Amino acid sequence: MNNTTKKLTTISMLCALAFIAAAVFRIPVVLFLRYDPKDIIIVTGGFIFDPLTAALIAFLVSLMQMFTVSGTGFLGFLMNVISSCAFACTAAYIYQKRRRLSGAVTGLICGVICQTALMLFWNYLVAPLYMGYSREAVAGLLLPAFLPFNLIKGCLNAAGTLLLYKPVVTLLRRSALVSSTPDAGKRKVHIFVLLASLCAIILCIMLILYLNGRV
C-alpha cells in the first residue's frame with residue numbers, strides 16, 4: 001500500500017474504534033454527563049499524524065454519534081466536536097513541535113486545561129438549549145457539575161493515552177500501516193509515567209464513585 005492508502009486505512013480504523021468507544025463504554029459521572037474514552041483514540045490519531053487528523057476523526061465520530069447513539073442532535077454533535085478538538089488538537093499540536101515524552105505530557109496537560117475551560121464556556125452558552133434549564137440554573141451547575149466532569153474526563157483521557165499510545169503505535173508499525181522512525185525502538189518506557197497514569201485513573205474512578213454517591 002502507498003502512504004495515502006495506509007493513512008486512510010489507519011484513520012478509518014481509528015474512527016471505528018473511537019465510535020465503538022463512544023457507543024459502548026459510557027460511564028455516568030454526574031447528572032446526565034457521561035464519560036466515554038473516544039478522545040484517547042482521537043488524540044492517538046493526532047499524535048501519529050497531526051492535529052488536522054485529530055480534528056477529522058473527531059468530526060467523523062461525532063457525526064456518527066449524532067445519527068446513532070446521541071439524543072441531543074446537532075447541538076450534541078457541535079459540543080462533541082468542540083470538546084474532542086480542544087483536547088486532542090491542542091495535545092497533538094504541542095507533541096508535533098516536540099516529539100518526545102515531555103512533549104506528549106505537556107500537550108496532554110494543556111489539552112485538559114483547554115478542554116475544561118472551553119467546555120465551561122460552551123456549556124454556559126449551549127446547555128440551556130438542550131437541557132431545558134434556564135441560563136441561571138446552568139450557571140449554577142458550572143462549578144459543582146461541569147467543572148469536575150471535564151477535569152475527570154480530561155485526566156482519564158490523558159492517562160489513558162500515556163498508557164495506550166505506545167502499544168497501539170507498535171501494533172500499527174508491525175502491521176506496516178505506520179512508518180517507523182529511526183529511534184522508534186530505542187524509546188524507553190518510563191515507569192514513573194506509567195505509575196502516575198495508573199494513579200490518575202484510580203483517583204478519577206474514586207471521584208466518579210463519590211459523585212455518584214457510592215463511596
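A. Inspection of the overall build of the chain at higher detail. Secondary structure assignment for the chain yields 7 helices and 2 strands. Secondary structure elements in the chain, listed N-terminal to C-terminal, are α-β-β-α-α-α-α-α-α. For a compact globule of 215 residues, the expected C-alpha radius of gyration is about 17 Å, and the chain comes in at 17 Å, within 12% of that figure. For the chain, the spread of C-alpha atoms along the three principal axes comes to 55 × 35 × 30 Å. Put simply, the chain has 215 residues, and 43% of those count as buried. For the chain, the share of sequence-separated contacts (at least 6 apart) that also reach a separation of at least 24 residues comes to 68%. Put simply, the chain shows about 11,200 Å² of open surface, and 70% of that area lies on carbon and sulfur atoms. Positive and negative side-chain charges of the chain, numbering 18 and 5 respectively, have mean locations separated by a distance of 10 Å.

B. The arrangement of the side chain of Asn123 in detail. As for its placement among the helices and strands, Asn123 is situated in helix H5 (residues 101-131). Among the polar contacts made by the side chain of Asn123, one reaches the main-chain carbonyl oxygen of Met119 at a distance of 2.7 Å. Excluding anything up to four places from it in sequence, Asn123 contacts Met79, Pro128, Tyr130, Val138, Leu142, Phe146 and Asn150.

C. Structural context of the pairing of strand S1 (residues 27-30). Two strands pair when backbone bridges link them, and S1 and strand S2 (residues 33-35) are joined in this way by 3 bridges, in the antiparallel orientation. When the bridges of S2 are listed, Val30 appears paired with Leu33.

D. Focus on helix H7 (residues 191-211). The end-to-end C-alpha distance of H7 is 30 Å, a good match for the 30 Å that 21 residues give at a rise of 1.5 Å each. Along H7, the residues that are buried comprise Val193, Ser197, Cys204 and Ile208. Around the axis of H7, the buried residues are gathered within 50° of arc, so they sit on the same side. Away from its buried face, by an angle of more than 90 degrees, H7 presents the exposed residues Ile191, Phe192, Cys199, Ile202, Leu203 and Tyr210. Elements in contact with the buried residues of H7: S1, H5 and helix H6 (135-174).

E. Up close: helix H4 (residues 73-97). The end-to-end C-alpha separation of H4 is 36 Å, in line with the 36 Å expected for 25 residues at 1.5 Å each. The largest bend along H4 measures about 30° and falls at Cys85.

Procedures and definitions
Residues numbered from 1 in each chain as written. Predicted model: local features only at pLDDT ≥ 70, side-chain atom pairs only at ≥ 80, totals over all residues. Heavy atoms only, no water. Helix = DSSP H or I, 4+ residues; strand = E, 2+ residues; numbered from the N terminus. Rg over C-alpha atoms; globule rule 2.2 N^0.38 Å. Buried < 20%, exposed > 50% of the residue type's maximum accessible area, 1.4 Å probe, protein only. Contact = heavy atoms within 4.5 Å. Areas by Shrake-Rupley, 256 points an atom, 1.4 Å probe, with all protein chains shown as cover. Lys, Arg positive; Asp, Glu negative; His and termini not counted. Charge placed at Lys NZ, Arg CZ, Asp CG, Glu CD. Polar contact = N/O pair within 3.5 Å; in protein donor to acceptor, adjacent residues only side chain to side chain. Pairing = 2+ DSSP bridges. Expected span 1.5 Å × (residues − 1). Arc of directions from axis to C-beta. Bend = angle between axes of the 7 residues up to and from the residue.

Function cannot be inferred from these measures alone, as they are strictly geometric.
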